[in-house]
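Here's the letter readout for the chains.
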Amino acid sequence: MHVLGIETSCDETGIAIYTDHGLLAHQIYSQAAKHAEYGGVVPELASRDHIRKLAPMVRKLLAEHDLSAADIDGIAYTAGPGLAGALMVGAAFARSLAWAWNKPAIGIHHMEGHLLAPLLEADAPAFPFVALLVSGGHTQLMQVEDIGDYTLLGESVDDAAGEAFDKTAKLLGLGYPGGPALAKLATQGNPNRFHFPRPMTDRPGLDMSFSGLKTAAVTTWRNESEDLTPEAYAQLQADIARAFEDAVVDTLLIKCCRALQQTNNQRLVLSGGVSANQRLRQAVAEHLANQGGQAFYPRPEFCTDNGAMIAHAGWHRLNAGEQTPLHFPVHPRWPMEELQPLHTNYGK
Ligand code: KG4
Ligand code: ZN
């Protein structure tokens, strides 16, 4: 079975083909440069750009792999959560193709795409595992028994971790998208100059909070940034970036360890844009190795939004006989626990 996957939930147009032998091809087009001058994603621009890019990208991908419509057995698209307009573009495009080609279509939950992305790698985790989903819109700890069998263990009560990265980066004048730029700058920061709080770690539970960290960064910036030489100014930026990143990484690590303990599990999956963060990946891998556990994450390009994760999740669901009816709307908000469990017992 060849499944064409289409991702348009935010500012990346991602397409891919996933087959019974694994991932055959994928392509990502990032709109980041278009949104950068506005300091964040402009939903209307995002929708229009997806419209421009989708058809030529799909045509090119098929041609590059000598495939035609007849070789595609199903189409998977992101049906939510995300920007309503951007989702509608992807859904309308995917559903029209499915109708014209007379193929089944399936609407995929964007965060399920992220959650299952580590299964695209050679050292895929077996079920059950605990997943930390960390993206620009979500920070959630999930107990995962199988594909579609998800229980929310805890989540951020305010900003998502990626959102906090982006807002702090903006404050430091690092532009958009801020997370990767902040992480790069943090490598030059002094870890001992500032210490930011590890929110909600002093009480039991798996919920998290990241908006206070952004405030800690703002306050430190205001108190320290006057009358500095250019060198001292640059060092201040890097030191705040480092203190912020260390606080986020520590907080996430503490909550992940608690979740593993609570569920009596040894396997932790990290996914979503923030899981591309090198310090987070390293901290989690080292800590779990010392505890006899194991961490799994996708390659960095499959941590952030991409079509491969949608084609992959779609392949599993279409293979299980699931299809999405034509009248199915997009879901800008969509709890993962509403998804259908598949009972694959994959890796057991
Ligand atoms: O999963 P994703 O591409 O989109 C959403 O579903 O939201 O995640 C994007 C988020 C952004 O907030 C971005 O700043 C953050 O992931 N991000 C990072 C890194 N790479 C992307 N945050 C920290 N360090 C990184 N290396
Ligand atoms: Zn995402």
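Owing to the predicted nature of the structure, the values given are computational and were not obtained by experimental measurement.

S.K.: Is there a simple way to explain the side chain of S47 in this structure?
M.R.: As for its position among the elements, S47 is in helix α2 (residues 43-64). Of the polar contacts made by the side chain of S47, one reaches the backbone nitrogen of A86; its length is 3.4 Å.

S.K.: When you look at the sheet that holds strand β9 (residues 267-271) in this model, what are you seeing that I'm missing?
M.R.: Hydrogen bonds between backbone atoms are what pair the strands of a sheet, whose relative direction is either parallel or antiparallel. In spatial order, the strands read β8-β7-β6-β9-β10; together these five strands make up an open sheet with mixed pairing. On the outer flanks of this sheet lie β8 (149-155) and β10 (294-296), each paired with one strand and no other. Taking the axes of each pair of neighbouring strands and ignoring which way they run, one obtains an average angle of 25 degrees across the sheet. The sheet contact formed by strand β6 (residues 129-134) and β9 spans four bridges and is parallel.

S.K.: What exactly am I supposed to notice about the coordination of the zinc ion (ligand 2) here?
M.R.: Think of it this way: four donors in a tetrahedron around the metal ideally sit 109.5 degrees apart, and six in an octahedron ideally sit 90 or 180 degrees apart. The protein atoms that coordinate the zinc ion (ligand 2) are H110 (NE2), H114 (NE2) and D305 (OD), at distances of 2.0 to 2.1 Å. Mapped onto the polypeptide sequence, the residues donating to the zinc ion (ligand 2) form the spacing pattern H-x3-H-x190-D. Here the residue H114 occupies a position in helix α4 (residues 110-116), and D305 occupies one in the loop between β10 and α10 (308-319), the gap between them amounting to 191 residues. Here H114 falls in the buried class, since its relative accessible area comes to 0%.

S.K.: Even after reading the chapter, I still don't get the nonpolar core, so can you show me in this structure?
M.R.: Generally speaking, a soluble globular protein has its nonpolar side chains buried in company with each other. I6, L115 and Y150 are the most contacted members of the largest nonpolar core, which totals 58 residues. Excluding residues within four positions of it along the chain, L115 makes contact with F129, A131, L133, M142, V144, Y150, V269, S271 and M336. The next biggest cluster of nonpolar side chains, apart from the first, holds 43 residues, and it includes L153, A161, A243 and A295.

S.K.: Explanation requested: the pairing of strand β5 (residues 105-109) in the structure shown.
M.R.: Looking along a regular strand, one sees the side chains alternate between the two faces of the sheet. Burial of β5 is extensive: five of the five residues sit out of reach of the surface. Alternating positions in β5 separate into two faces, A105, G107 and H109 on one and I106 and I108 on the other, with burial throughout. Summarising the sheet, strand β4 (residues 74-80) and β5 pair through five bridges and their orientation is parallel. Looking at the pairing, A76 lines up with I106 of β5. Between β4 and its parallel partner β5, the chain crosses via helix α3 (residues 84-101), and the hand of that crossover is right-handed.

S.K.: How should the packing of helix α5 (residues 161-171) against helix α7 (residues 211-224) be read in this particular structure?
M.R.: A pair of packed helices is characterised by two quantities: the angle between their axes and the separation of those axes. Where α5 contacts α7, the axes come no closer than 9 Å and their chain directions differ by 10 degrees. Our classification of the angle between α5 and α7 gives roughly parallel. Every residue of α7 that contacts α5 at K167, T168 and L171 is listed here: K214, A217, V218 and W221. The class makeup of the residues in the contact of α5 with α7 is four nonpolar, one polar and two charged.

S.K.: I'm lost on the side chain of D246 in this one. Help?
M.R.: When you line up the elements, D246 lands in helix α8 (residues 230-263). The contact partners of D246, leaving out residues within four places of it in the chain, are P191, R198 and R279.

S.K.: What is the right way to read the domain arrangement of the protein from this model?
M.R.: By convention, interface size is frequently given as the accessible area that disappears when the constituent parts associate. Here the protein is described as being made up of domain 1 (3-115 + 302-338) and domain 2 (125-297). On a C-alpha basis, the centroid separation for the pair domain 1 and domain 2 is 27 Å. Across the contact, 18 residues belong to domain 1 and 23 residues belong to domain 2. Each partner contributes to the roughly 1,600 Å² buried at the junction of domain 1 and domain 2, and carbon and sulfur atoms together form 70% of this total. Looking at the side of domain 1 facing domain 2, the largest losses of area belong to M111, L115 and C303, adding up to 38% of the total buried there. Across the contact surface, domain 1 and domain 2 share zero salt bridges.

S.K.: Looking at this structure, I do not really get the pattern of salt bridges. What am I missing?
M.R.: Oppositely charged side chains can form a pair if their charged atoms are brought close together. In the structure shown here, the tally under the stated rule is 18 salt bridges. The residue D246 makes a salt bridge to R242 at a minimum N-O spacing of 3.1 Å. Here D246 and its partner R242 are both found in helix α8, four residues apart, which amounts to about one turn of the helix. The buried category is assigned to R242, whose relative accessible area is 14%. Its salt-bridge partner being D246, residue R279 comes within 3.9 Å of it at the nearest N-O pair. Of this pair, R279 sits in helix α9 (residues 278-290) while D246 sits in helix α8, placing them 33 residues apart in sequence. The class of R279 is partly exposed, set by a relative accessible area of 23%. It is possible to trace a salt-bridge network through shared partners that takes in K34, D49, R52 and K53.

The rules behind these values
- Residues numbered from 1 in each chain as written.
- Chains lettered and ligands numbered in written order.
- Predicted model: local features only at pLDDT ≥ 70, side-chain atom pairs only at ≥ 80, totals over all residues.
- Heavy atoms only, no water.
- Helix = DSSP H or I, 4+ residues; strand = E, 2+ residues; numbered from the N terminus.
- Polar contact = N/O pair within 3.5 Å; in protein donor to acceptor, adjacent residues only side chain to side chain.
- Pairing = 2+ DSSP bridges.
- Axes fitted to C-alpha atoms, helices over the stretch in contact; angles between N-to-C directions.
- Donors = N, O, S within 2.8 Å, 3.2 Å for Na, K, Ca; no water.
- Buried < 20%, exposed > 50% of the residue type's maximum accessible area, 1.4 Å probe, protein only.
- Core = buried A, V, L, I, M, F, W, Y, C linked by side-chain atoms within 4.5 Å.
- Contact = heavy atoms within 4.5 Å.
- Right-handed = clockwise from strand over helix to strand, strands pointing away.
- Parallel < 35°, antiparallel > 145°, perpendicular 65-115°, else oblique.
- Nonpolar A, V, L, I, M, F, W, Y, C, P; charged D, E, K, R; others polar.
- Domains from an automatic or database assignment.
- Buried area = accessible area lost by both parts, 1.4 Å probe.
- Salt bridge = Lys/Arg side-chain N within 4 Å of Asp/Glu carboxyl O.

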